[in-house]
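Coordinate analysis (summary)
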Amino acid sequence: MDSIYLTGDRPTGKLHLGHYVGSLKNRIIAQEQKKTTQYIMIADQQGLTDNADNPQKIRQHVNEVLLDYLSVGIDPSKSTIFVQSQIPQLAELTMYYLNLVNVSRLYRNPTVKSEMKEKKFTKSVPTGFLIYPVSQAADITAFKTTHVAVGGDQLPMIEQTKEIVRSFNRTYKTSTLIEPNIILPSKQNQRLRGLDGQGKMSKSLNNAIYLSDDEETIKKKVMSMYTDPNHIYINDPGKIEGNMVFDYLDIFSQDQNKVAKLKEEYQKGGLGDVKIKLYLNEVLQELLSPIRKRRQSFEREEEYLKEILKSGCLLAEEKADNTLNEVKEAMGINYF
Ligand code: TRP
């Protein structure tokens, strides 16, 4: 059977290295697979669920995220890139699915739970935010998605989508909706930690290297990374565990023999932090410089960027409309 991939990102910030290893790389692989159709959605409606007072921020980041996609090699002639809010069928599907999910199940979704904590929502959680997993089920099922390539934090969303699919098919005695599979990055890449080693790389923790950062900024960030606080003199033995520089070298260096040698030297004592940081800087500059250059080549092509989204939305709407019609038929609410 042919595969249909659907993924997406909230346009609330630029994409960073965590996104790159966590899901973008898998989307580039999917894009090159034969017999795979890939949809990539900029989830502006989901972004609005906790940014209702700042639609301008979301609007600006629709463009930034699109540029980030193009910069890493997502090719709009191979992957359909579209914007969630422009496909009204998704909101309509959400309305029907909402009746199949109870409120306590939504409060129990682990990702929603931890986000609510982080954003200090309690009883005051906006309803749209609480129900976004249901809207995400609509996004996924509208395209008859077989695979979702995302980071590990999205696992609960896929679980909830599967439940909704089963509930819909059972309730309306149909096989209209399809249960998706999740495609996760390798364990090591699932949760890239931030520069400070504190938590995962994220905008809110201010510990990220963005795909669009310039050379100077990357270097400054690398030089500020958390290493081993007890490694004070060069000749002191240093620790590898919890040392973010080695964490990143494990993931990003193409020369793992060299990394193994550096680790050995560092643990013995005699290798300074500056040296390993300069090497990581070299590795990251090599990765990010072509990405940044590609981004710059698209930045001023406003008409072209609009055209990508417009034609992506047209394709996406057609597909979502077909599914919506099948859903209404299955429910028997196709009146005329
Ligand atoms: N929840 C995703 C995020 O946090 C965005 C998203 C919305 C998504 N709808 C989706 C991802 C459907 C995969 C499939 O950024």
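First, a word on what this report is: a plain description of the structure on this page.

Rules used throughout
- Residues numbered from 1 in each chain as written.
- Predicted model: local features only at pLDDT ≥ 70, side-chain atom pairs only at ≥ 80, totals over all residues.
- Heavy atoms only, no water.
- Helix = DSSP H or I, 4+ residues; strand = E, 2+ residues; numbered from the N terminus.
- Buried < 20%, exposed > 50% of the residue type's maximum accessible area, 1.4 Å probe, protein only.
- Contact = heavy atoms within 4.5 Å.
- Salt bridge = Lys/Arg side-chain N within 4 Å of Asp/Glu carboxyl O.
- Expected span 1.5 Å × (residues − 1).
- Bend = angle between axes of the 7 residues up to and from the residue.
- Near = heavy atom within 4 Å.
- Polar contact = N/O pair within 3.5 Å; in protein donor to acceptor, adjacent residues only side chain to side chain.
- Areas by Shrake-Rupley, 256 points an atom, 1.4 Å probe, with all protein chains shown as cover.
- Nonpolar A, V, L, I, M, F, W, Y, C, P; charged D, E, K, R; others polar.
- Axes fitted to C-alpha atoms, helices over the stretch in contact; angles between N-to-C directions.
- Parallel < 35°, antiparallel > 145°, perpendicular 65-115°, else oblique.
- Left-handed = near helix turned anticlockwise from the far one by under 90°.

Inspection of the secondary structure assignment puts Ser23 in helix 1 (residues 17-32). A relative accessible area of 6% means that Ser23 is categorised as buried. Apart from the residues lying within four places of it in its own chain, the contact partners of Ser23 are Ala149, Val150 and Gly151.

On to the pattern of salt bridges, then. In total, this model carries 15 salt bridges according to the counting rule given. A salt bridge links Glu163 to Arg105, with the shortest nitrogen-to-oxygen separation between them at 2.9 Å. A residue pair is termed long-range when its members are at least 10 positions apart, and Glu163 in helix 9 (residues 155-171) and Arg105 in helix 5 (residues 103-108) qualify at 58 residues. Taking relative accessible area as the criterion, Arg105 reaches 14% and is therefore assigned buried. A network of salt bridges, in which partner residues are shared, links Glu64, Asp68, Arg295 and Glu299.

Now for helix 13 (residues 273-299). Taking 1.5 Å of rise per residue, 27 residues should cover 39 Å, and helix 13 covers 36 Å from first to last C-alpha, within 8% of that figure. Along helix 13, the largest kink reaches about 30 degrees and is centred on Leu288; proline Pro290 follows within four residues of it.

We now examine the site of the ligand. Around the ligand, a shell composed of 14 residues is seen, among which Met41, Gln46, Gln136, Asp139 and Gln154 lie nearest. Here a nitrogen atom of the ligand and a side-chain polar atom of Asp139 are 2.8 Å apart. Measuring from a nitrogen atom of the ligand, one finds a side-chain N or O atom of Gln154 at 3.0 Å. About the coverage of the ligand: the protein hides 93% of its 370 Å² of free accessible area. Mapped onto the shell around the ligand, the elements with two or more residues apiece are strand 1 (3-9) and helix 8 (132-142). At four residues, the largest contribution of residues to the shell around the ligand is made by strand 1. Residues that form the shell around the ligand fall into these classes: six nonpolar, five polar and three charged.

The geometry of helix 11 (residues 244-252) relative to helix 12 (residues 256-268) is characterised by a closest axis approach of 9 Å and an angle of 160 degrees between their N-to-C directions. Here helix 12 runs roughly antiparallel to helix 11, going by the angle between their axes. Crossing geometry of helix 11 relative to helix 12 is assigned as left-handed. Here Phe246, Leu249 and Asp250 of helix 11 come into contact with helix 12, specifically with Gln256, Val259, Leu262, Lys263 and Tyr266. Residues that form the contact of helix 11 with helix 12 fall into these classes: five nonpolar, one polar and two charged.

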